[in-house]
Amino acid sequence: AAEDGAMRTTWQGKAGRSPLQALYESDQFEQSSLQAVHQQRRELLSNVCTRYTRKRRLLRPEDLRHLVVDDTHGLLYCYVPKVACTNWKRVMMVLTGQGKYREPLEIPANEAHVSSNLRTLSEYSVPEINHRLRSYLKFIFVREPFERLVSAYRNKFTRSYNTAFHKRYGTKIIRRHRREPSDRALERGDDVRFEEFVYYLLDPRTQREEPFNEHWERVHSLCHPCIVHYDVVGKYETLAQDASYILQLVGADAAVKFPASSKTTRTTDDMTAQFFQDISPFYQRRLFNLYKMDYLLFNYSIPSYLRIR
């Protein structure tokens, strides 16, 4: 449908200037170290894309299903599950809600994920898609890939309430990757081990049958950062400051604040390392290769706990 080739981000704000230009010109942000950080992230992303993507392809409407649109503030947000996406969807509902919502945390989590509450770019016509890709501020939030993967595993396979995932994926994983599974495990699929989940991800049949679920799909496959030129690459590790930076850039109402994280169950680097203790170096390397582009594109180093040197 669209190619973001000539669309090298010329986000036009209300005064006809891009927010980045406006930012450079404002005294408040002069010599801003945050500005420099985001410039470096964009440059690194661009360099890795140039190096590793041989053939540019056109975007298809289905590529744009994760890009949430805010026509009021001229904003496109590509959501990545397990990277604060529930809170970002809540914020987008406040921004696009014409005053219906005032406080992000008042919106129940399940309501934030109801697809009809937010429009995605795939719902627009080709000319409308092109216009928004050219002129809106585009942002994405990313996270250390294996930390995100373990977070997805913990959420989807170790929580008793996620019965839909246990039935849909757990039963298949156990059937294929467990020796002599019990009838109960085959029926319920609610005790998948991390090692079995890794085998499932690396099994060639998995991606032949269907795309990865969005919770463990690679960011570059969800958000196409080598075709869509993102203005801001936010990181989970610097979530609060990156979020306020974006809200300032688009001139969001000062009352709209990104929710502060209060989770004590958050997946950390140490926790991720524990999950990888029982994964053999052979499978660690294969899994790293599967997520390698996300490591490269977003400048994450090889985790010190991996035995793949």
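- Named according to an unreviewed UniProt entry, the protein chain is Carbohydrate sulfotransferase originating from Crypturellus soui.
- Here the protein chain is described in UniProt, under the heading Sequence similarities (unreviewed entry), as follows: "Belongs to the sulfotransferase 2 family."

## Details of the state of the cysteines
Line of reasoning, step 1. Overall, the coordinates contain two disulfides when judged by the stated rule.
Line of reasoning, step 2. The disulfide partner of C49 is C226, and the gap between their sulfur atoms is 2.0 Å. Across the S-S bond of C49 and C226 the torsion is about -85°, and the bridge reads as left-handed. With C49 in helix α2 (residues 33-52) and C226 in the loop between α11 (219-223) and β4 (232-235), the pair connects residues that are 177 residues apart, well separated along the chain.
Line of reasoning, step 3. Overall, the relative accessible area of 8% leaves C49 in the buried class.
Line of reasoning, step 4. C226 gets classed as buried once you look at its relative accessible area, which sits at 14%.

## Notes on helix α7 (residues 163-177)
Line of reasoning, step 1. Taking 1.5 Å of rise per residue, 15 residues should cover 21 Å, and α7 covers 19 Å from first to last C-alpha, within 8% of that figure.
Line of reasoning, step 2. Its maximal kink placed at G170, α7 deviates by approximately 40°.
Line of reasoning, step 3. The inward-facing, buried residues of α7 abut α6 (145-157), α8 (183-188), α9 (194-202) and α10 (204-209).

## Looking at the nonpolar core
Line of reasoning, step 1. Ranked by size, the top nonpolar core spans 90 residues in total, and within it W88, F146, F197, L201, W216, L287 and Y291 carry the most contacts.
Line of reasoning, step 2. Of the residues that make up this core, three or more belong to each of domain 1 (19-145 + 218-265) and domain 2 (146-215 + 267-292).
Line of reasoning, step 3. Look past the residues within four positions of F197 in its chain and what remains in contact with it is L149, Y153, F157, I173, V192 and W216.

## Points about the sheet that holds strand β3 (residues 137-142)
Sheets are built from strands that pair by backbone hydrogen bonding, the pairs being arranged parallel or antiparallel.
Line of reasoning, step 1. Taken together, the four strands give an open sheet; going across it, the order is β1-β2-β3-β4, and neighbouring strands pair in mixed fashion. If you trace the sheet from one side to the other, it starts and ends with β1 (67-70) and β4, each paired once. When strand polarity is set aside, the average angle formed by the axes of neighbouring strands in this sheet is 25°.
Line of reasoning, step 2. Summarising the sheet, β1 and strand β2 (residues 75-78) pair through four bridges and their orientation is antiparallel. Bridging across to β2, L67 finds its partner in C78.

## Focus on the side chain of K172
Line of reasoning, step 1. By secondary structure assignment, the location of K172 is in helix α7.
Line of reasoning, step 2. Side-chain polar atoms of K172 contact the side chain of E209, separated by 3.2 Å.
Line of reasoning, step 3. Not counting residues up to four positions away in its chain, the partners in contact with K172 are Y200, E209 and E210.

## Quick word on the confidence of the model for the protein chain
Line of reasoning, step 1. This prediction gives the protein chain a mean pLDDT of 90; 89% of its residues lie at or above 70.
Line of reasoning, step 2. Overall, residues 2-15 carries pLDDT values under 50, and its contacts beyond four positions in sequence, including any with other chains, amount to 40 contacts.

## Structural notes on the pattern of salt bridges
A pair can form between side chains of opposite charge whenever their charged atoms are brought close.
Line of reasoning, step 1. Following the criterion strictly, the structure yields 20 salt bridges and no others.
Line of reasoning, step 2. Put simply, E209 and K172 hold a salt bridge, and the shortest N to O gap is 3.2 Å. Highlighted residues: E209 in helix α10 and K172 in helix α7, separated in sequence by 37 residues.
Line of reasoning, step 3. Residues R218 and E217 are paired through a salt bridge, measuring 2.8 Å at the closest nitrogen-oxygen approach. Assigned by exposure class, R218 and E217 land together as buried.
Line of reasoning, step 4. What emerges from the salt-bridge pattern is a single network uniting R168, K172, R176, E209 and E210.

## A closer look at the packing of aromatic side chains
Line of reasoning, step 1. What the rule picks out here adds up to 27 aromatic pairs.
Line of reasoning, step 2. Ring centres of Y200 and W216 lie 6.4 Å apart, and the angle between their planes is 85°; on these two criteria the pair is classed as edge-to-face. With Y200 in helix α9 and W216 in the loop between α10 and α11, this residue pair connects regions lying 16 residues apart in the sequence.
Line of reasoning, step 3. On the basis of relative accessible area, W216 is assigned to the buried category, the value being 0%.
Line of reasoning, step 4. Where F288 meets Y295, the ring centres are 4.8 Å apart and the plane angle is 45°; that geometry is what we call tilted.
Line of reasoning, step 5. Using a relative accessible area of 2% as the deciding quantity, one classes Y295 as buried.
Line of reasoning, step 6. The ring of Y124 carries R119 above its face, with NZ or CZ at 4.1 Å from the centroid.
Line of reasoning, step 7. Looking at R168, its charged tip hangs above the ring of Y169, at a distance of 4.6 Å from the centre.

Rules behind the numbers
- Residues numbered from 1 in each chain as written.
- Predicted model: local features only at pLDDT ≥ 70, side-chain atom pairs only at ≥ 80, totals over all residues.
- Heavy atoms only, no water.
- UniProt positions renumbered as here; feature names shortened; annotations may be inferred.
- Disulfide = S-S within 2.5 Å.
- Helix = DSSP H or I, 4+ residues; strand = E, 2+ residues; numbered from the N terminus.
- Buried < 20%, exposed > 50% of the residue type's maximum accessible area, 1.4 Å probe, protein only.
- Expected span 1.5 Å × (residues − 1).
- Bend = angle between axes of the 7 residues up to and from the residue.
- Contact = heavy atoms within 4.5 Å.
- Core = buried A, V, L, I, M, F, W, Y, C linked by side-chain atoms within 4.5 Å.
- Domains from an automatic or database assignment.
- Pairing = 2+ DSSP bridges.
- Axes fitted to C-alpha atoms, helices over the stretch in contact; angles between N-to-C directions.
- Polar contact = N/O pair within 3.5 Å; in protein donor to acceptor, adjacent residues only side chain to side chain.
- pLDDT = per-residue confidence, 0-100.
- Salt bridge = Lys/Arg side-chain N within 4 Å of Asp/Glu carboxyl O.
- Phe/Tyr/Trp six-rings, centres within 6.5 Å; stacked < 30°, edge-to-face > 60°.
- Lys NZ or Arg CZ within 6 Å of the ring centre and 35° of its normal.

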